[in-house]
Amino acid sequence: MPNLLDNFEDYERIIEEHENGNRIALGNNSSPTCLLALIQYFRKGNTPLFNINELTESRLFAIENNNEELKEDLYNQLDTIFGGEFLLRFIINEIINNIEEHSYSKNSYFLSREYGDKLELSFIDDGISIPKSLENAGIDFKNDCDAIDKAINGASEDKTNELLRGYGLNSSLNLVVRGNGGEILISSRKGLLHLDKYEKKFKELKKNYIQGTQVSMLINKSNLEDFYPYMEHIKI
């Protein structure tokens, strides 16, 4: 099956063809990574090529407020055979907290899909982006990929707790990639990171394909019972 980077590059292709005036079809890719990015793109006022709502009606969640009821609703959509209860609850809690506390977004969404022995989760917001967040905090970085790298390894806009933002991302990445053997994709402004157990790959995008930040995860069917070794802050 395609990996998360393949799914994002499908989204890039669809947008390029659409903006070149070509009528294109979604094809067979209904991955949350591709679909959620398309939902954001078309809801910005672009003419849709297909009925997004019909494809995602039963799986799309709007993240409208940060409360335990919302997190429980998202968690209840997922099967704990993928990673175990702790891993899923931790991811939902940390990603939603980051969106609510740091993105300054007006709209954010969650989408999931099972593929046999794998579960894909995707979160997207239309906030200020990770690079802009670090710029606002006066944190230097070389480019948008470097900004993502700093964010997952501890740079924070909160001067009272230098590791605050990065710690949530860092722990989520370690749980999914090192603990579960899964994948992570983060896209923000013109930077993209794809991480799995084999490699850490950055890609500089031609333009801001995402308004804000998208975080996607591909989780294997397994129960991560001993999660403590992956909670320590480790440079990725």
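Residues numbered from 1 in each chain as written. Predicted model: local features only at pLDDT ≥ 70, side-chain atom pairs only at ≥ 80, totals over all residues. Heavy atoms only, no water.

Chemist: I keep staring at the overall build of the protein and nothing clicks. Help me out?
Modeler: Assigned secondary structure in the protein consists of eight helices and nine strands. The contacts of the protein with a sequence gap of at least 6 include a subset with a gap of at least 24, amounting to 66%. For the protein, the computed accessible surface area is about 10,800 Å², with 44% contributed by carbon and sulfur atoms. (Helix = DSSP H or I, 4+ residues; strand = E, 2+ residues; numbered from the N terminus. Contact = heavy atoms within 4.5 Å. Areas by Shrake-Rupley, 256 points an atom, 1.4 Å probe, with all protein chains shown as cover.)

Chemist: Before we go on, may I ask you to explain the nonpolar core in this structure?
Modeler: Generally speaking, nonpolar side chains in soluble globular proteins are found buried as a group. In terms of nonpolar packing, the biggest core is built from 45 residues, with Ile91, Leu121, Phe123, Ile186 and Ile219 touching the most fellow members. The element that contributes the greatest number of residues to this core is helix α5 (residues 85-103), accounting for eight residues. If we ignore the near neighbours within four places in the chain, the residues touching Ile186 are Ile130, Ile148, Ile152, Leu173, Gly191, Leu192, Leu193, Thr213, Gln214 and Val215. Counting 25 residues, the second largest nonpolar core, distinct from the first, contains Leu5, Leu60, Tyr109 and Ile124. (Core = buried A, V, L, I, M, F, W, Y, C linked by side-chain atoms within 4.5 Å. Buried < 20%, exposed > 50% of the residue type's maximum accessible area, 1.4 Å probe, protein only.)

Chemist: Is there a simple way to explain the pairing of strand β3 (residues 108-115) in this structure?
Modeler: As a general feature of sheets, a regular strand has side chains that alternate between the two faces. For β3, the tally of buried residues reaches six of eight residues, placing the bulk of the element in the interior. Alignment of strand β1 (residues 61-62) against β3, held across two bridges, turns out to be antiparallel. In the sheet register, Phe61 faces β3, and the bridge partner there is Phe110. Strand direction decides the pairing type here: β3 and strand β4 (residues 118-125), joined by eight bridges, are antiparallel. Paired with Phe110 across the strands is Phe123, a residue of β4. Linkage of β3 to β4, two consecutive antiparallel strands, is achieved through a turn of two residues, within which Gly116 is found at a positive phi near 65 degrees. (Pairing = 2+ DSSP bridges.)

Chemist: I would appreciate a short explanation of helix α7 (residues 144-152) in the present structure.
Modeler: Spacing of three or four residues puts side chains on the same side of an α-helix, whose turn is 3.6 residues. With eight of nine residues buried, α7 is to be regarded as a mostly interior element. Of all the positions in α7, only Asp144, Cys145, Asp146, Ala147, Ile148, Asp149, Ala151 and Ile152 are classed as buried. If you check the start of α7, you find a side-chain oxygen 3.1 Å away from the backbone N of Cys145, and it comes from Asn143. Directly after α7, the chain includes Gly154, whose backbone phi takes a positive value near 125 degrees. (Polar contact = N/O pair within 3.5 Å; in protein donor to acceptor, adjacent residues only side chain to side chain.)

Chemist: What is the right way to read the sheet that holds β4 from this model?
Modeler: Backbone hydrogen bonds are what pair the strands of a sheet, in a parallel or an antiparallel way. With respect to topology, seven strands assemble into an open sheet ordered β1-β3-β4-β8-β5-β6-β7, the strand pairing being antiparallel. Looking at the sheet topology across the chains shown, the edges are occupied by β1 and β7 (200-204). For β4 and strand β8 (residues 213-220), the ladder comprises eight bridges, and the chain directions are antiparallel. Residue pairing for β8: Glu120 is matched across the bridge by Leu218. Against the sheet, helix α1 (residues 4-19) makes contact with β4, β5 (183-188), β6 (191-195), β7 and β8, and its axis sits at roughly 30 degrees relative to β5, the strand it touches most. Contacts from α5 reach β3, β4 and β8, with the element oriented near 10 degrees to β4. (Axes fitted to C-alpha atoms, helices over the stretch in contact; angles between N-to-C directions.)

Chemist: Would you explain the layout of surface pockets in this entry?
Modeler: Where empty space is left in the structure can be found by rolling a water-sized probe over the atoms. Of the voids in this model, the largest pocket is the one considered here, and its volume is about 160 Å³. Within the lining of the largest pocket, the residues separate by chemical class into four nonpolar, five polar and four charged. (1 Å grid on protein atoms, 1.4 Å probe; cavity = no way out; pocket = protein on both sides within 12 Å on 5 of 7 lines; lining within 4 Å. Points joined across faces, edges and corners; volume = space filled by probe spheres on them. Nonpolar A, V, L, I, M, F, W, Y, C, P; charged D, E, K, R; others polar.)

Chemist: Got a minute to help me understand unusual backbone geometry in this structure?
Modeler: Leaving glycine aside, a negative phi is the common case for residues, and trans is the common case for peptide bonds. A positive phi angle, close to 55 degrees, is found at Tyr104, a residue other than glycine. By the element assignment, Tyr104 lies in the loop between α5 and β3. Residues other than glycine seldom take positive phi values, yet Arg189 does so here, at roughly 55 degrees. Within the secondary structure layout, Arg189 lies in the loop between β5 and β6.

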